[in-house]
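Architecture and fold: a report
What follows is the residue order along each chain.
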Amino acid sequence: MAVCVAVIGKDNSPKFIKCSDEANALQFHYKVHTSIDIVEEKMNIGNKTAADVRELFLGMLYSTEEYKIFGYATNTKIKFIIILQSSNATLRDNEVRTMFRKLHAAYANAVSDPFYIPGDQIQSKAFNSAVLDIMGLHQDDKIVSKS
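Please read these numbers as outputs of a predicted model, since none were measured by experiment.

Cut-offs applied
Residues numbered from 1 in each chain as written. Predicted model: local features only at pLDDT ≥ 70, side-chain atom pairs only at ≥ 80, totals over all residues. Heavy atoms only, no water. Helix = DSSP H or I, 4+ residues; strand = E, 2+ residues; numbered from the N terminus. Buried < 20%, exposed > 50% of the residue type's maximum accessible area, 1.4 Å probe, protein only. Phe/Tyr/Trp six-rings, centres within 6.5 Å; stacked < 30°, edge-to-face > 60°. Pairing = 2+ DSSP bridges. Axes fitted to C-alpha atoms, helices over the stretch in contact; angles between N-to-C directions. Contact = heavy atoms within 4.5 Å. pLDDT = per-residue confidence, 0-100. Expected span 1.5 Å × (residues − 1). Bend = angle between axes of the 7 residues up to and from the residue.

Let us now look at unusual backbone geometry. We note that N12 has phi near 65°; this positive angle belongs to a residue other than glycine. Mapped onto the fold, N12 is located in the loop between strand 1 (2-8) and strand 2 (14-19). The phi torsion at K77 lies on the positive side, around 70°, for a residue other than glycine. On the secondary structure map, K77 appears in the loop between strand 4 (67-73) and strand 5 (79-85). The partly exposed category is assigned to K77, whose relative accessible area is 49%.

Right, dumping it as structure tokens:
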């Protein structure tokens, strides 16, 4: 499934980034930040019709030999980035769209919490659990570090 999921605010600041491989987290952060320019370019609605504006799924932003980076933008200009492994050729656009819909619903639930301060980092356990589910990981699969 996904190797990295990111939520980027309307001011292009990261609100949530979760990577399956913490050893390569910096590499995934770099890929997420380089994809923001492509998302901004696709979101530029200067020459789009009203039907195009309703489409939230931006499709594949770019790909490398190892990863495919997909984007999604809400009407409030919150951006979701999902990084998938290129070797996973069985995923189709509809399945990626479903991932983004689940992520969008989990985000809406997280920011609807009365204790959430708009613009802050997302620290909801329910949102984290939903992201782990999208990534194909489960809470019991997490590696507990030795203290």
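Let us look at the packing of aromatic side chains. One pass over the full model with this rule turns up 7 aromatic pairs. On the numbers, 4.8 Å between centres and 85° between planes, the contact of F16 with F127 is edge-to-face. You can see F16 sitting in strand 2 and its partner F127 sitting in helix 4 (residues 125-134), a full 111 residues away along the chain. A relative accessible area of 1% means that F127 is categorised as buried. Here a set of aromatic residues connected by ring pairs shows up, and it is made of F57, F70, Y72, F80, F100 and Y107.

Take the sheet that holds strand 2 next. Consider a sheet: its strands pair through backbone hydrogen bonds, and that pairing is either parallel or antiparallel. Taken together, the 5 strands give an open sheet; going across it, the order is 2-1-5-4-3, and neighbouring strands pair in antiparallel fashion. The open sheet is flanked by strand 2 and strand 3 (57-63), the only strands paired with a single partner. Across the sheet, the mean angle from the axis of one strand to that of its neighbour is 15°, orientation sign disregarded. Bridge count between strand 1 and strand 5: 6 bridges; the pairing is antiparallel. Residue A6 lies in a different strand from strand 5, and its bridge partner there is I81. Its contacts with the sheet put helix 1 (residues 25-43) on strand 1, strand 2, strand 3, strand 4 and strand 5, and the angle it makes with strand 3 is roughly 125°. Helix-sheet contacts for helix 4 involve strand 1 and strand 2, and the interaxial angle to strand 2 is about 45°.

For the protein, the average pLDDT comes to 85, and 86% of its residues sit at 70 or higher. For the protein, the element scoring lowest by mean pLDDT is helix 2 (residues 50-53), at 50; strand 2 scores highest, at 95. Of the regions scoring below 50 in pLDDT, residues 141-147 engages in 1 contact with residues more than four places distant in sequence or in other chains.

Looking now at helix 1. When the terminal C-alpha atoms of helix 1 are compared, their 26 Å separation across 19 residues agrees well with the 27 Å that a helix rising 1.5 Å per residue should span. Where helix 1 bends most, at I36, the angle is about 25°. Among the residues of helix 1, those classed as buried are A25, F28, K31, V32, S35, I36, V39 and M43. Close packing links the buried residues of helix 1 with strand 1, strand 2, strand 3, strand 4 and strand 5.

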